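Coordinates in review
As a plain string of letters, each chain reads:
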Amino acid sequence: MTTATSPRALEHPPRDRIRLEAVLHALSDPVRLQIVRDMARERTELSCSYFDLPVTKSTTTHHFRVLREGGVIRQTYRGTAKLNALREEDLEALFPGLLATVLAAAVAQTDRDATAQAHGSGA
């Protein structure tokens, strides 16, 4: 684990300590997967307040912590904002194609669910 250098520095696993199990766990929750999908779509650092999530603020904090500790995102403070960025380069180096495959599967699932809902509603 890295050592925090100041009270506002957040600990992140170095690339060589990121474990597949932790990444898969982080991506297994629908809220965390939505966070990662939003980050991948925007392709820039996003503040925590950017995300409109169906959970409380404390639960949102928990989801970001799981993503950070799993090595999926990097969080940094800029002024009073906590910015979040995908660790795409690290994940691709360690697990080639994993993130792209998971994101594509999430889109396919969303499309499948929408189709099922449309057919189930009598449309």
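The sections below set out a description of the structure shown in this document. Note that this is a predicted model, so its numbers are computed, not measured.

**Some points on the overall build of the protein chain**
On a plain count of helices and strands, the protein chain comes out with 5 helices and 3 strands. Taken from the N to the C terminus, the helices and strands of the protein chain come in the order α-α-β-α-β-β-α-α. When its C-alpha atoms are laid out on the principal axes, the protein chain stretches across 60 × 30 × 20 Å. A burial count over the protein chain gives 34% of its 123 residues as buried. Once local pairs closer than 6 in sequence are excluded, the contacts in the protein chain between residues at least 24 apart make up 63%. Looking at the protein chain as shown, the accessible area adds up to about 7,600 Å², and 54% of this sits on carbon and sulfur atoms.

**Digging into the packing of helix H2 (residues 30-42) against helix H5 (residues 98-120)**
Their axes nearest at 11 Å, the elements H2 and H5 cross at an angle of 110°. With respect to each other, H2 and H5 are oriented roughly perpendicular. Where H2 approaches H5, its residues Leu33, Val36, Arg37 and Ala40 are matched on the opposing element by Leu99, Val102, Leu103, Ala106, Val107 and Thr110. Looking at the contact of H2 with H5, its residues break down into 8 nonpolar, 1 polar and 1 charged.

**Examining the pairing of strand S3 (residues 81-86)**
Relative to S3, strand S1 (residues 46-47) is paired through 2 bridges, and the arrangement is antiparallel. Note that in S3 the partner of Leu46 across the bridge is Asn84. Both strand S2 (residues 73-78) and S3 contribute to a ladder of 6 bridges, which runs antiparallel. Paired with Arg74 across the bridge in S3 is Ala85. Between the antiparallel neighbours S2 and S3 lie 2 residues, among them Gly79 with a positive phi of about 65°.

Rules used in this analysis
- Position numbers for residues count from 1 along each chain, tracking the sequence in the order it is written.
- Since the coordinates come from a predicted model, pLDDT governs what is reported: local features require at least 70, and pairs of side-chain atoms require 80 or more to be given and counted, while whole-chain, interface and lining totals use all residues.
- Heavy atoms throughout the structure, all of them, feed into the side-chain values; hydrogens and water do not.
- Strands are runs of DSSP state E lasting at least 2 residues, helices are runs of H or I lasting at least 4, and numbering of each runs from the N terminus.
- Think of it in three bands: with a 1.4 Å probe and only protein chains considered, a residue is buried below 20% of the maximum accessible area for its type, exposed above 50%, and partly exposed in between.
- Residues are treated as being in contact if the distance between any of their heavy atoms lies within 4.5 Å.
- Only the protein chains shown count as cover for residues, and the accessible areas themselves come from Shrake-Rupley with a 1.4 Å probe.
- Only the contacting stretch of a helix is used when fitting its axis, a line to C-alpha atoms as for every element, and angles between N-to-C directions run 0 to 180 degrees.
- For this classification, under 35 degrees means roughly parallel, over 145 means roughly antiparallel, 65 to 115 means roughly perpendicular, and everything else is oblique.
- In this classification, the charged set is Asp, Glu, Lys and Arg, the nonpolar set is Ala, Val, Leu, Ile, Met, Phe, Trp, Tyr, Cys and Pro, and all remaining amino acids, among them Gly, are polar.
- In this scheme, strands are said to pair when DSSP sees at least two bridges between them.

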